[in-house]
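Listed below, chain by chain, are the residues.
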Amino acid sequence: MKKVLLGFALSFLTIVSVLAQSKTITGRVTSSEEPEGVPGASVVVKGTTQGTVTDLDGSYSISVPADANVLVFSFVGYLTKEVNIGSSTTINVQLDPDVKLLSEIVVTGYGTQERRDITGSVASINNTAIENLVAPSFDSQLAGRAAGVSVTVPNGILGSRPIIRIRGVNSLSGGADPLIVIDGVPVVDSDRSGAVASNPLANINPADIESYEVLKDGSATAIYGSRAANGVILITTKRGKTGKAQVSYNTSFGVNEAVNRFDLLTGDEWVVIANEKRANVNASALANPGVNTDWQDAVLRSGNTQQHNLSISGGSESTKYFFSLGFTDQESVVRSNDLKRYAFRSNIDHSISKKLRIGKSLSYAFTEITGLNNGANSLSGAIYNATRALPNVPIYDPENTAFNGFNITANGATTGFGANLAGPDNNIPNIAYVLANNYYRGRNHRILGNAYAELDLAKGLTARTQIGIDLTLADDFTTLSPKHGDGRSSNGSVTMAFNPATRWNWQNTLNYQTILADNHNINVTAGVEYQYTNFYNFSASGTDFSDEFFRLRNLISNSYNNQFSGGGFSEQGFDSYFARFNYSFKGKYLLSFAVRNDGISQLASENRRGTFPGGSIGWRVSDESFFNSSLISDFKVRASYAEVGNVSLPGGSFPYAGGFGPVQAAAGAGIGYTNVANVALQWETSKKFNVGLDMTIGKVTLSADYFKNNVDGIVLNAPTAPSLGVPGNTISQNVGAMFNQGVELRVLSNVINNGKFSWNTDFNFTWIQNEVTNLVQPLTGTYNRTEVGGPIAQLYGFKWAGVNPANGNAMYYSGDNIVQLVGAANWRAFDPANPSNVATNGTAPTQFFLGNTLPKYQGGWSNSFTYGNFDAEIFVRYSGGNYIMNETLRGLLGLGFSNNHREILNRWTESGQVTDVPRLYAGRDANTWQTSASNSRFIEKGDFVRVQNIVVGYRIPAATLNNAFNGAIRSARFFAQVQNPLIFTKYSGIDPESNQYSGQLNFGVDWNVAPIIRTWSVGLNVGF
């Protein structure tokens, strides 16, 4: 008995001793993707097998020996994190995504694929970094996020569409925008507004988006055949996951401001300059001292912005759901321009049985944009007007009750003269009155949705059918004041327009997956797709209104004396058959082949059908037995080739067809010959080649690609003899050709990961060259010219030779010689040895190629940091190798009776003065500044480095939330951010990305563009 008691005593003492040497640690494991908690994460005492896993909300509890020093946290898809225990009894950890991305599932055309098995060039962009940013549309925030993808926001007007190019410009006259596919449905991406610039992608709530995939090379895009020449952007929206309901609310408030203002003369400075211009041509002075007014104050402002997004998601094993509501309200930096968007989304997936699944995606958005006239050369263009208005006259005149206190002449023709003896050039109106009394409104209802059903026919064989709809209902309302500005000549006007677009898309696919003999992985997809798109529009206008009451409300019958109407109709359709075969042997040898046959309504029956093949191969070298590297953990090489098409052809819905159209003639309405039949017309074809590699060296993952895209069969207007009677003396033919080639590089790494602090970096670089190889004739516009042997849309015009220091004359090159302007239009030779000699006749200046407008290199660099509960990101974007025609500056050095840029103060005034502003002669703009084409005097490099976003956030510890709200709030994060805070550039204009034109043949021209927006905002993300 004593021995038994002694044994119990010894056992008890041993247990007490062990317990005394251990302790319990609790905490929670989260991630940026799953802030509510990461379930199933592993928590292990380093060097032992002792561990546990986290529960559904990421919580854990583990008993550790007293001598334990480190806990190891890990989960699939995340980097392993080690944390020192010390004296802590509570350890919360945020895991960082594994930037190697080797097991990532990537959405591809009509299916998905593991990243490690992809042999094409596909860039993935996670929405986490951009969904809280303040932007009118998601596409504007893709800039710099992926190699080979160029996104340019050309101005600060809300509603303007960013210019998106994937691996360069891939057409001269046809569409150059990528195909946008949302949840499998190709969407309409053309602007349906007739009055207000309205980006159709602004109807998509960015907070609903889960991820973006950018298909760049031929292999990745071949499955889309005739629509793939410009690349494809696949957008996947958020869907529910199994588990209890997760409610999230995200909100932010901020201020928009202009990144810069125009540097203009004050009233006092302008009086001197204005009178000097006239004195130099022996004209009397017209300007007198008055006030000092900055008319930019009438146009530019600090605009408020707010956005709210509420979502609920969750589900059971059989039914999963995601619902969201969103509201965005933004004011531009330009007065009267604002955007409001109300959005709703409902995504549901339901498993009827183990073999049958159904689901749907449905979104509705109502977007209302208030716009304005910002025509580059319009008298009521906001920026043009504000920079030309006389700075020595006031904006307001309280005694002028006839015009509600605005400074306007009694007859309403122009802005008041003030102390001057004349009004501004061209009788430009008072822009403050115009913005207050003219109204441009665009409203857009948009429904995007699809419904699908999937059936497992046999093991590995799945059939899927999906029907999608894209319905856009756009209506516009424009009204112009009868008293002053654009509507004065017609005694007021109202225009209303309705511009709907309807598209349905039906896809039926079969997918078969199997593994043969453990080593052969086969994935086959085959399908058929049908699509129909209908566009129509009509508008009605009235002028000469009886009363302001009617004008401001609607186009009301009997309220106007003159009425007008118009409309149009077009439709497009296609049917397609496609297949893709993916093969992998032991995960080392990879093969993919895709083919698509399209039949499209835009072409004649003889050429309506086309077949587009593409294939790629890959070799995972690191899986070979001979590959034995402790440094390189993954190494894959790949290559691809494909032929794809572009059906966004110029010439309307049926460019091949000859026929008649409605015309107005002396005898009244009738029909006339409008187009010559050309049944030989075909789509443009892109032959895409790509070779690349993916490798991981230590902590660094690297991807590199070389690509070349040969584009031929480009549709251009070939000239015909006038005697043939062809309308316009041209006929559309497949006669153009060009190529894009370049190099892409992406480097990403988890640089530091030591417990509380982590640093991830992601850098991408693209170099690209464009060259036109075939044309019928050079393509020339006011500023640009495209010729064989050079890139698209080079700046073309006159070469500036400076100012003659002897007499202040403007000088240009005429061939290899320099000539100087004498008087209004006479050219004299310039002799450097005798600069004052103006007796020798010279020939007029000649034109030259002055610079490439397409950037040669571009990219982005993101750095994200976490320290404890704090997080931060700095995102930098860069571009260069291109030139910009600063037409704004040329106009602001004008020689008329209007305001000027401060650079004009450097004008020539005395013999021997060295300057680049010639002597000022009133009214001699045309030859002094050679206004009919580009001018090298105003062409500048467009290189820049832009700090795009800076974000700082703080996540409240879960334990704090639990104690404060008893579990009612599972996560909360506060953040502050600034967008476009800094830019480093030598460009003298407002912004080096400012661009008046978005077409391929007219580009690189900064002409009275509204300043780009800088946004400061604070926000909150809450999970319930």
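This is a predicted model, so every value here is computed, not measured.

Basis of the calculations
- Going along each chain's sequence as written, the residues are numbered from 1 onward.
- Only residues with pLDDT of at least 70 are given local features in this predicted model, and only at 80 or more are side-chain atom pairs given and counted; all residues enter the totals for whole chains, interfaces and linings.
- Heavy atoms throughout the structure, all of them, feed into the side-chain values; hydrogens and water do not.
- Each helix is a run of H or I in the DSSP string that is no shorter than four residues. Each strand is a run of E no shorter than two, and both are numbered from the N terminus.
- As defined in this context, the radius of gyration uses C-alpha atoms, and a globule is described by 2.2 Å times the residue total to the power 0.38.
- Throughout, exposure labels follow a simple rule: accessible area from a 1.4 Å probe, protein chains only, divided by the maximum for the residue type, with under 20% read as buried, over 50% as exposed, and the rest as partly exposed.
- It only takes one pair of heavy atoms within 4.5 Å for two residues to be counted as in contact.
- Note that accessible areas follow from Shrake-Rupley with a 1.4 Å probe, and for residues the cover is restricted to the protein chains shown.
- We treat two strands as partners when DSSP finds at least two bridges between them.
- Only protein atoms enter the 1 Å grid used here, on which a cavity is any set of points holding a 1.4 Å probe that cannot leave and a pocket is any open set flanked by protein within 12 Å on both sides along at least five of seven lines; residues with an atom within 4 Å of a point are listed as lining.
- Grid points are joined across faces, edges and corners, and a volume is the space filled by probe spheres set on the points.
- The nonpolar class holds Ala, Val, Leu, Ile, Met, Phe, Trp, Tyr, Cys and Pro. Asp, Glu, Lys and Arg form the charged class, and all remaining residues, Gly among them, are polar.
- For helices, the axis comes from a line fit to the C-alpha atoms of the stretch in contact; other axes are also lines fit to C-alpha atoms, and the angle between any two N-to-C directions lies between 0 and 180 degrees.

Across its full length, the protein holds nine helices and 53 strands. The C-alpha atoms of the protein give a radius of gyration of 33 Å, which matches the 31 Å a tight globule of 1024 residues would have. When the backbone C-alpha atoms are referred to their principal axes, the protein occupies close to 130 × 70 × 65 Å. For the protein, buried positions account for 54% of its 1024 residues. When contacts within the protein are restricted to residue pairs at least 6 apart in sequence, long-range pairs at least 24 apart make up 69% of them. Accessible surface computed for the protein: about 42000 Å², of which carbon and sulfur atoms make up 57%.

Let us now look at the pairing of strand E5 (residues 70-74). With respect to burial, E5 is a largely interior element, four of its five residues being buried. One ladder, built from four bridges, connects strand E2 (residues 42-45) with E5; its direction is antiparallel. Its bridge partner being in E5, Ser-42 is matched across the sheet by Ser-74. Bridging between E5 and strand E6 (residues 81-84) involves four bridges; their strand directions are antiparallel. Among the inter-strand pairings, Val-70 is bridged to a residue of E6, identified as Asn-84.

Bringing empty space enclosed by the protein into the picture now. Going through the model one piece at a time under the given rule, you end up with 14 cavities of 30 Å³ or more. The computed volume of the largest cavity comes to approximately 530 Å³. Around the largest cavity, the lining is made up of 39 residues, and of these Ser-150, Thr-152, Pro-855, Gln-858 and Phe-1003 lie nearest the centre. For the lining of the largest cavity, the secondary structure elements donating two or more residues are strand E11 (149-152), strand E12 (163-166), strand E36 (757-774), strand E45 (857-867), strand E46 (870-880) and strand E47 (883-886). When residues in the lining of the largest cavity are grouped by element, the largest group, four residues, is from E11. Among the residues forming the lining of the largest cavity, the class breakdown is 15 nonpolar, 20 polar and four charged. Taken as a whole, the second largest cavity holds about 440 Å³ of empty space. Around the second largest cavity, the lining is made up of 32 residues, and of these Arg-115, Val-122, Asp-694, Ser-703 and Arg-746 lie nearest the centre.

Here we have four strands laid out as an open sheet, ordered E40-E41-E42-E43, and antiparallel in their pairing. Every other strand in the sheet has two partners, leaving strand E40 (800-803) and strand E43 (826-829) as the edge strands with one partner each. Put simply, the sheet's adjacent strands are angled 35° from each other on average, direction ignored. Direction of pairing for strand E42 (residues 817-822) relative to E43: antiparallel, over a ladder of four bridges. Looking across to E43, one finds that Val-819 is bridged to Ala-829.

This part covers the side chain of Asn-400. Locating Asn-400 in the fold gives a position in the loop between helix H4 (382-388) and helix H5 (431-437). Once you skip the residues sitting within four places of it in the chain, Asn-400 turns out to touch Gly-405, Phe-406 and Ile-408.

Tracing the sequence through the fold places Gly-573 in strand E27 (residues 560-585). Between the alpha carbons of Gly-573 and Trp-295 there is a distance of 50 Å; along the sequence they are 278 residues apart. If near-sequence neighbours (up to four positions away) are discounted, Gly-573 is found in contact with Gln-531, Tyr-532, Gly-599, Ile-600, Ser-601 and Gln-602.

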